[in-house]
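# Structural description and commentary
Chain residues, written in single-letter form:
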Amino acid sequence: MDYNNKFTTHKIPEITWPDGLQDETKYTFSITYTDQHSMDYKQFAETTKDIILKDGNSLAPYPDPQGYPELRNTIAERLSTLRGLNTDPDSIVLTAGAGGSISSLLNVFLEPGDTVLIEEFSYLGTLAMLMGRSANIVHIDCDEEGIIPESLEENLAKLKKQNITPKFMYLISVYQNPTGITIPLERRKSIIQIAQKYNVPIFENESYADFRIDGDPLPPTMFELDDQDSVTYISAYTKFLGCGLRIGYSVVPPSVKEALQKIRFGDSPSQLATMATFNYLEKHGYEHGIEVEKSLLNKRDAMLSALSENFPDTCEWTKPNGGMMLWMKLPEGSNSWDILQTAADRGVKYNPGGLFRADRKRNNYLRLTYSYNSPEEIHEGVKLLADVFEKEKLI
Ligand SMILES: Cc1ncc(COP(=O)(O)O)c(C=O)c1O
């Protein structure tokens, strides 16, 4: 077979990644894997078997284009109970992870060169999808409450002068990835108001809302606060039940649903994984949430104490009340991007700050996740990381 001239000529932009990112390491502080220590897969096997015996026939036809109705009912109930978000199962679209929701939304919203607003640092997967589609990515400055309204408005006014209206704004409103920030109520209202004024839809990603550890209860979702169908809500059971399951979803306003319908909703998950997720959540969702919270509390505390024991006070880090990560600032001029390979060779991995920006800059920051390793391993891995950074003169 001659494959010359077969592949797309659409130019796929080059995206740079640091060396060492894909290496296998014992201490993996670079990925928000599901907390394996709180998930009971024996129980999961039992509820999966039960649902197949009960509803296995639904595997024969192609699934509903929006996904298994029973799971959509459960999601609507959970959103109402846990997040005060009121919606109906018909507005919910199941996807292959939160990433599947993001990807299908980009398919219906984005053309190369379109402008998109995003937080100062944002989830590397979404960024890669945006970069891969040649979006014009505008990072908006943030403070400890998230996107700064004045900065948002300034950017929008500047873009308006050039006749540019961004296609959408993407933000992670609770336990933000990577900074851990939760946007407080008043800030949410200001952001929504500005977005409405400039006609910029918001994609609100709450992938970490199930992982409150302590501190204040979460503020209401931006989806619920908005009154003009401006917000599409995205979340997943990826981090709650298993990254390998690939179950995510979006809650969409009617116009977005109509657009998605044209592509038959896009990245659907496996019906089997959807059924298994449904039955597990129904039977054990509540207790599992409590187990995850306990386990993440221990792991977060292990990481915080290991950092205090091993890192000098020229470094700063966040003390998150939820989520699976903390955000660290090294002294100005340190470059965590270049040292990742050295760290991975010694068995420990993290994410350099530049991975969360389109320009790949700001590498005196880094993200450390604590959901994968046990508390003992976290202590060992952080000690090792401090040793690598010291030898490489980062700290
Ligand atoms: C904010 C955010 N969105 C989406 C994803 C991708 O999630 P999924 O595996 O559900 O596609 C992640 C994974 O780390 C994430 O942190």
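Whatever comes next refers back to the structure up there.
Here the structure is a predicted model, which means the values were calculated and not measured.

Another aspect to go through is the site of the ligand. Every one of the 14 residues lining the ligand counts as a neighbour, but G97, A98, G99, A236 and T238 are closest to it. Examining the composition of the shell around the ligand, we find that 3 residues originate from one element, helix α3 (residues 97-109), more than from any other. For the shell around the ligand, the residue count by class is 5 nonpolar, 9 polar and no charged.

Here we come to the sheet that holds strand β11 (residues 316-317). Here 4 strands make up an open sheet; going across it, the order is β11-β12-β15-β14 and the pairing antiparallel. On the outer flanks of this sheet lie β11 and β14 (351-352), each paired with one strand and no other. In terms of strand pairing, β11 meets strand β12 (residues 325-329) through 2 bridges, oriented antiparallel. Note that in β12 the partner of E316 across the bridge is K329.

Their axes nearest at 9 Å, the elements helix α10 (residues 271-310) and helix α12 (residues 375-391) cross at an angle of 30°. For the element pair α10 / α12, the angle class is roughly parallel. With respect to the hand of their crossing, α10 and α12 are arranged in right-handed fashion. Mapping the contact onto sequence places N298, K299, A302, M303, A306, L307 and N310 in α10 and P375, I378, H379, V382, K383 and A386 in α12. Grouping the constituent residues of the contact of α10 with α12 by class yields 8 nonpolar, 3 polar and 2 charged.

Our next topic: the nonpolar core. Grouped together as the largest cluster of nonpolar side chains are 105 residues, with contacts concentrated most on M169, I202, M303, A343, L368 and L385. Of all the elements, α10 adds the most residues to this core, at 12 residues. Split by domain, the residues of this core number at least three in each of domain 1 (27-40 + 287-391) and domain 2 (42-283).

This paragraph deals with the pairing of strand β15 (residues 365-369). β15 sits mainly inside the fold: 5 of its 5 residues count as buried. Residues of β15 alternate between two faces, with Y365, R367 and T369 on one and L366 and L368 on the opposite face, all of them buried. Sheet analysis places β12 next to β15, joined by 5 bridges and oriented antiparallel. Each bridged residue has a counterpart across the sheet, and for K329 the counterpart in β15 is Y365.

The rules behind these values
- Residues numbered from 1 in each chain as written.
- Predicted model: local features only at pLDDT ≥ 70, side-chain atom pairs only at ≥ 80, totals over all residues.
- Near = placed C-beta within 6 Å.
- Helix = DSSP H or I, 4+ residues; strand = E, 2+ residues; numbered from the N terminus.
- Nonpolar A, V, L, I, M, F, W, Y, C, P; charged D, E, K, R; others polar.
- Pairing = 2+ DSSP bridges.
- Axes fitted to C-alpha atoms, helices over the stretch in contact; angles between N-to-C directions.
- Parallel < 35°, antiparallel > 145°, perpendicular 65-115°, else oblique.
- Left-handed = near helix turned anticlockwise from the far one by under 90°.
- Contact = placed C-beta atoms within 7 Å.
- Core = buried A, V, L, I, M, F, W, Y, C linked by C-beta atoms within 7 Å.
- Buried ≥ 20, exposed ≤ 12 C-beta atoms within 10 Å, placed from the backbone.
- Domains from an automatic or database assignment.

What is shown is where atoms sit, not what they do.
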